[in-house]
Amino acid sequence: MAGIMKKLRNETERAKFEAARALRLQREQGKLGQLQNQRKDHVSALGEAVWELYQAGQVTDARLVSICTQIRATQQEIVTQEQGIEAIKQEQPPEPPSCPQCGREVSSSDAFCPGCGVAIALSATPLPAINNTSTQSCPQCRKPVRVGAAFCPACGARLTA
Ligand SMILES: [Zn+2]
Ligand SMILES: [Zn+2]
């Protein structure tokens, strides 16, 4: 009986010890991480200081010059990259095609301006199907035309009276 009690007590002590050790390890690992980060910060500051000396023409050591040359090249790439990003931000959506004569917005499928009837140079892109809001058809060529169009966009025939 006494032996069992002793065994239980030993196991409890051992579990306590393991829990305490895990906590200590966690705390000490955290401190180690902080120290490693501190070192990185110092090395980074050292690098910036050497970079400044290099720019002032005061670095002659071949290894340092080699690293500084790489920094210079990377900085130029950063500027180019920033300019590219700025250009993407400045991009405008493409203007819808418009009639060269009256300025009315036309569809890329129109061969003639529905507003003034002038012939429009067709783009090389395949013609999209005319949208289904059209309820009229051209009396001359029978193609569907948009409501309100004065001229047939397919053949240029005058539509309205
Ligand atoms: Zn027009
Ligand atoms: Zn027509």
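Residues numbered from 1 in each chain as written. Chains lettered and ligands numbered in written order. Predicted model: local features only at pLDDT ≥ 70, side-chain atom pairs only at ≥ 80, totals over all residues.

**Student:** Any details on the domain arrangement of the chain? Residues and values, ideally.
**Tutor:** When cut into domains, the chain gives domain 1 (2–90) and domain 2 (97–161). A separation of 66 Å is found between the C-alpha centroids of domain 1 and domain 2. (Domains from an automatic or database assignment.)

**Student:** Before we move on, could you go through helix H1 (residues 2–55) and cite the residues and values that matter?
**Tutor:** Helix length check: H1 (54 residues) gives 79 Å between terminal C-alpha atoms against 80 Å at 1.5 Å per residue, within 8%. Of all 54 residues in H1, zero are buried, a share of ten percent or less. One or two residues past the end of H1 sits Gly57, with phi positive at roughly 75 degrees. (Helix = DSSP H or I, 4+ residues; strand = E, 2+ residues; numbered from the N terminus. Expected span 1.5 Å × (residues − 1). Buried ≥ 20, exposed ≤ 12 C-beta atoms within 10 Å, placed from the backbone.)

**Student:** Give a detailed account of the nonpolar core, specifying residues and quantitative values.
**Tutor:** Among the nonpolar cores identified, the biggest contains nine residues, and these are Val106, Phe112, Cys113, Ile120, Val145, Ala149, Phe151, Cys152 and Ala154. Not counting residues within four places of it along the chain, the set of residues in contact with Ile120 comprises Cys99, Val106, Asp110, Ala111, Phe112 and Cys113. (Core = buried A, V, L, I, M, F, W, Y, C linked by C-beta atoms within 7 Å. Contact = placed C-beta atoms within 7 Å.)

**Student:** I'd like to hear about the packing of H1 against helix H2 (residues 62–90), residue by residue, with values.
**Tutor:** Contact geometry for H1 and H2: axes closest at 10 Å, N-to-C directions at 90 degrees. If you check the angle between H1 and H2, you find them roughly perpendicular. Between H1 and H2, the contacting residues are Val50, Trp51 and Tyr54 on the first element and Leu64, Val65, Cys68 and Ile71 on the second. Class assignment of the residues belonging to the contact of H1 with H2 gives a composition of seven nonpolar, no polar and no charged. (Axes fitted to C-alpha atoms, helices over the stretch in contact; angles between N-to-C directions. Parallel < 35°, antiparallel > 145°, perpendicular 65-115°, else oblique. Nonpolar A, V, L, I, M, F, W, Y, C, P; charged D, E, K, R; others polar.)

**Student:** Pulling in residues and values, what's your account of H2?
**Tutor:** Note that an α-helix has 3.6 residues per turn; residues three or four places apart therefore point the same way. In this model H2 runs 42 Å from its N-terminal to its C-terminal C-alpha over 29 residues, within 8% of the 42 Å that 1.5 Å per residue would give. Among the 29 residues of H2, zero are classified as buried, and the element is accordingly described as predominantly exposed.

**Student:** Let's hear about unusual backbone geometry: which residues, and what values?
**Tutor:** At Arg142, a residue that is not glycine, the phi angle is positive and equals roughly 70 degrees. A tally of 11 C-beta atoms within 10 Å means that Arg142 is categorised as exposed.

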